[in-house]
Amino acid sequence: SIAAVFSKITTTNIAALIVGLTCIVLLLIGKEINLRFKKQLPVPIPMEIIVVIIGTGVSAGMNLSESYRVDVVGNIPQGLRAPAVPEIQLIPAIFVDAIAIAIVGFSMAVSMAKIFALKHGYTIDGNQELIALGICNSVGSFFQSFSITCSMSRSLVQESTGGKTQIAGALSSIMVLLVIVAIGYLFEPLPQ
């Protein structure tokens, strides 16, 4: 609640506040530039990536985690986990929660899909979305992954930067895979 926020305001880490506000300002400036010069720019400026790179560089260069106690991402394990059979004995303990997560995840995915379908003039099939989520989560369970649904932030960023095809999603996935497998350690000083 607002009262809880204001009761703890004296314990605010000023360095973390400055980092957060700077990132917000940079993102807003980038969005405004992209909107204002939409016709002149061949591709939108990827301000989100630029802010991540600048934030990581500043955090590493100034050693924000040690000097100013700013929370950073920290250790990012490299590589993919080996496939393993899911622990079936956990099903009774997590079944009710899993149903709730599945319903919320499916409704979020379909809602996001409908928003983009209305905006870009196409239709979606809820059954196809349900089957796709089921297959992804079933296969992902063998790799100890989190249950997946739509990523509102990634979808909105991809859409705002002009991504309209499956190629944009594939490139985004390749970038995430590259971070997981090879260059994740570079993002360890990134402020949270």
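Residues numbered from 1 in each chain as written. Predicted model: local features only at pLDDT ≥ 70, side-chain atom pairs only at ≥ 80, totals over all residues. Heavy atoms only, no water.

Let us now look at the overall build of the chain. Within the chain, the regular secondary structure consists of eight helices and zero strands. Order of helices (α) and strands (β) in the chain, N terminus to C terminus: α-α-α-α-α-α-α-α. Its C-alpha atoms give the chain principal-axis dimensions of about 45 × 45 × 40 Å. Of all 192 residues assigned to the chain, the portion counted as buried reaches 14%. When contacts within the chain are restricted to residue pairs at least 6 apart in sequence, those whose partners lie at least 24 apart make up 70%. Across the chain, the mean location of the 11 positive side-chain charges is 11 Å away from that of the 10 negative side-chain charges. (Helix = DSSP H or I, 4+ residues; strand = E, 2+ residues; numbered from the N terminus. Buried < 20%, exposed > 50% of the residue type's maximum accessible area, 1.4 Å probe, protein only. Contact = heavy atoms within 4.5 Å. Lys, Arg positive; Asp, Glu negative; His and termini not counted. Charge placed at Lys NZ, Arg CZ, Asp CG, Glu CD.)

So, about the packing of helix 2 (residues 14–36) against helix 3 (residues 47–62). Taken N-terminus to C-terminus, the directions of helix 2 and helix 3 make an angle of 150°; their axes are 9 Å apart at the nearest point. Taken together, the axis directions place helix 2 and helix 3 in an arrangement best described as roughly antiparallel. In this structure, the crossing between helix 2 and helix 3 has a hand that is right-handed. Contacts between helix 2 and helix 3 involve Cys23, Leu26, Leu27 and Gly30 on the former and, on the latter, Met47, Glu48 and Val51. Each residue belonging to the contact of helix 2 with helix 3 can be placed in one class, and the counts come to five nonpolar, one polar and one charged. (Axes fitted to C-alpha atoms, helices over the stretch in contact; angles between N-to-C directions. Parallel < 35°, antiparallel > 145°, perpendicular 65-115°, else oblique. Left-handed = near helix turned anticlockwise from the far one by under 90°. Nonpolar A, V, L, I, M, F, W, Y, C, P; charged D, E, K, R; others polar.)

On to the state of the cysteines, then. Considering all chains together, one arrives at zero disulfides under this definition. Not engaged in a disulfide, the cysteine Cys136 finds its nearest cysteine sulfur in Cys150; these two sulfurs lie 13 Å apart. The exposure class of Cys136 is partly exposed, given its relative accessible area of 43%. (Disulfide = S-S within 2.5 Å.)

It is worth spelling out the layout of surface pockets at this point. Here the idea is plain: a probe the size of a water molecule rolls over the atoms and shows the empty space left. Considering only enclosed or pocket space, the second largest pocket measures out at about 1,000 Å³ in volume. Lining the second largest pocket are 31 residues, with Ile94, Ala98, Asn137, Ser141 and Ser147 sitting closest to its centre. Ranked by residues supplied to the lining of the second largest pocket, first place goes to helix 5 (residues 91–120) with 12 residues. Residue composition of the lining of the second largest pocket, by class: 19 nonpolar, 10 polar and two charged. (1 Å grid on protein atoms, 1.4 Å probe; cavity = no way out; pocket = protein on both sides within 12 Å on 5 of 7 lines; lining within 4 Å. Points joined across faces, edges and corners; volume = space filled by probe spheres on them.)

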